[in-house]
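Spelled out from the first residue to the last, the chains are:
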Amino acid sequence: MGHVVSLVAEVSGELNILARGLAYGLAAIGPGIGIGLVVGRAIEAMARQPEAAGMVRTTMFLGIAFTEALALIGFVLAFIL
Amino acid sequence: MNALAQAAPREGFESPGVEIFSLPCLAEGDVLGIHFCVDRGVIYMYLAAAIVIGLFVAAAARPGLVPRGVRNLVETTVDFVREQIAVQVIGPEGQGWVPLLTAMFSFILVGNLFGVIPGIQFPVNSRMAIPAFLAVLVWVLFLYAGVRSQGLKYFTGVLFPPGVPKVMYLLLTPIELVSTFILRPFTLAVRLLGNMMAGHLLLSVFFLGTAYMLGNPISIPFAVPAFVLSIGLVAFEILVAVLQAYIFTILTAVYIAGAVHPEH
């Protein structure tokens, strides 16, 4: 009986490590795509209108910051789990 | 005895975890029932504040038409915050917020750079207390800015944005309530903490891994690219330190701007 309990504990410990990895990995997908879109569009806008580059850059950093927050919450979650 | 069930100690490289953020106390004691622990991180926090104050005082002490030495650095910082952050985001009223935003930017920047300065190598903002305090400060400030410029109409303006069909308030008001008054300070703190924590862990894993691989003749060839990449990561961390200070300050400015200018 104790044997089974320790086996279950071992397996759930391994699953916990797996869950941490998955939590961060899955949380990084969306923000990865999102930051790509944000920066891509910002570069497009800067290339079309170089005189608006300053404004576009500020807004781009804002967009990155908001998008990136999700990935960072996932990163912190991986340590909490 | 099952080999799987045996709790054998893991062999090989032990990668550093979150325990690298809890440093040993240099001095501790109870004041009014609260336990205080002064460790390296606390000392670096005061050191960061002292460096910022020292630089600004030194720059102000030597007035002159032609800036020299440290005054150049400080003037560039103030000018950057004023032109790129305060005035650009808040508008002409942003001038009044320049001292606060400059102090915030400089403190966060120096605290972040401590993560890559040899001999210190501990980013002050990689522990929740300081980002959380700064985020609460920003929260109080933008509420104050909103109430000062619009009175209590600020809250109704945020919760019930004008020009929206009445039915939409059922959906919009809870979202605005949570995103403006709860998620803003939370994400502000977690963004700074997460970036600095991730950076510090990354550098620790790479440098400890390089040192570990150097200990075994077979893995020495792998240690060389790992070391080269580690150096590249230090440069990346400097970029992250500057970027996070910039993002924290610009988000503060955006929140203040949103409170000062009502949405039409």
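Structure report, in brief. (Residues numbered from 1 in each chain as written. Chains lettered and ligands numbered in written order. Predicted model: local features only at pLDDT ≥ 70, side-chain atom pairs only at ≥ 80, totals over all residues. Heavy atoms only, no water.)

## Considering the overall build of chain A
If you tally the helices and strands in chain A, you get two helices and zero strands. The C-alpha atoms of chain A give a radius of gyration of 20 Å, which is well past the 12 Å a tight globule of 81 residues would have. Taken across its 81 residues, chain A has 31% of its residues classed as buried. Within chain A, residue pairs in contact and separated by at least 24 positions form 74% of the contacts whose partners lie at least 6 positions apart. A total accessible area of about 5,100 Å² is found for chain A, and carbon and sulfur atoms account for 74% of it. (Helix = DSSP H or I, 4+ residues; strand = E, 2+ residues; numbered from the N terminus. Rg over C-alpha atoms; globule rule 2.2 N^0.38 Å. Buried < 20%, exposed > 50% of the residue type's maximum accessible area, 1.4 Å probe, protein only. Contact = heavy atoms within 4.5 Å. Areas by Shrake-Rupley, 256 points an atom, 1.4 Å probe, with all protein chains shown as cover.)

## What about helix H3 (residues 98-113) of chain B?
Residue and element names in this part refer to chain B. In this model H3 runs 22 Å from its N-terminal to its C-terminal C-alpha over 16 residues, within 8% of the 22 Å that 1.5 Å per residue would give. With 12 of 16 residues buried, H3 is to be regarded as a mostly interior element. Tucked into the core, H3 has its buried residues touching helix H1 (40-61), helix H2 (70-90), helix H4 (129-150), helix H6 (169-214) and helix H7 (220-260). (Expected span 1.5 Å × (residues − 1).)

## A look at the pairing of strand S1 (residues 27-31) of chain B
With five bridges joining them, S1 of chain B and strand S2 (residues 34-38) of chain B adopt antiparallel strand pairing. If you follow aspartate 30 of chain B over to S2 of chain B, its bridge partner there is histidine 35 of chain B. (Pairing = 2+ DSSP bridges.)

## Observations regarding the pattern of salt bridges
Pairs can form between side chains of opposite charge whenever their charged atoms are close. Residue and element names in this part refer to chain B. Considering all chains together, one arrives at four salt bridges over all chains under this definition. Note that aspartate 39 and arginine 127 form a salt bridge whose closest N and O atoms lie 2.9 Å from each other. Of this pair, aspartate 39 sits in the loop between S2 and H1 while arginine 127 sits in the loop between H3 and H4; the two residues are 88 residues apart in sequence, bridging distant segments of the chain. A salt bridge links arginine 82 to glutamate 83; its shortest N-O distance comes to 3.6 Å. (Salt bridge = Lys/Arg side-chain N within 4 Å of Asp/Glu carboxyl O.)

## Describing the interface of chain B and chain A
Tallying the contact residues gives 23 residues for chain B and 18 residues for chain A. Carbon and sulfur atoms supply 76% of the area buried between chain B and chain A, which totals about 1,800 Å² over both sides. For the pair chain B and chain A, the number of links is zero salt bridges. The interface formed by chain B and chain A contains zero residue pairs in polar contact (both at pLDDT 80 or more). Elements with a minimum of two residues in the side of chain B that touches chain A: H2, H6 and H7 of chain B. When residues in the side of chain B that touches chain A are grouped by element, the largest group, nine residues, is from H6 of chain B. (Buried area = accessible area lost by both parts, 1.4 Å probe. Polar contact = N/O pair within 3.5 Å; in protein donor to acceptor, adjacent residues only side chain to side chain.)

## Remarks on empty space enclosed by the protein
Residue and element names in this part refer to chain B. This model, assessed by the stated rule, comprises two cavities of 30 Å³ or more. Taken as a whole, the largest cavity holds about 50 Å³ of empty space. What lines the largest cavity is simply Asn112, Gly115, Val116, Pro123, Met196, Gly199, His200, Leu203 and Glu237. When residues in the lining of the largest cavity are grouped by element, the largest group, four residues, is from H6. Of the residues that constitute the lining of the largest cavity, the class distribution is four nonpolar, four polar and one charged. Reported here for the second largest cavity is a volume of approximately 30 Å³. Together, Leu188, Arg191, Leu192, Gln244, Ile247, Phe248 and Leu251 line the second largest cavity. Put simply, the parts of the chain that give the lining of the second largest cavity at least two residues each are H6 and H7. (1 Å grid on protein atoms, 1.4 Å probe; cavity = no way out; pocket = protein on both sides within 12 Å on 5 of 7 lines; lining within 4 Å. Points joined across faces, edges and corners; volume = space filled by probe spheres on them. Nonpolar A, V, L, I, M, F, W, Y, C, P; charged D, E, K, R; others polar.)

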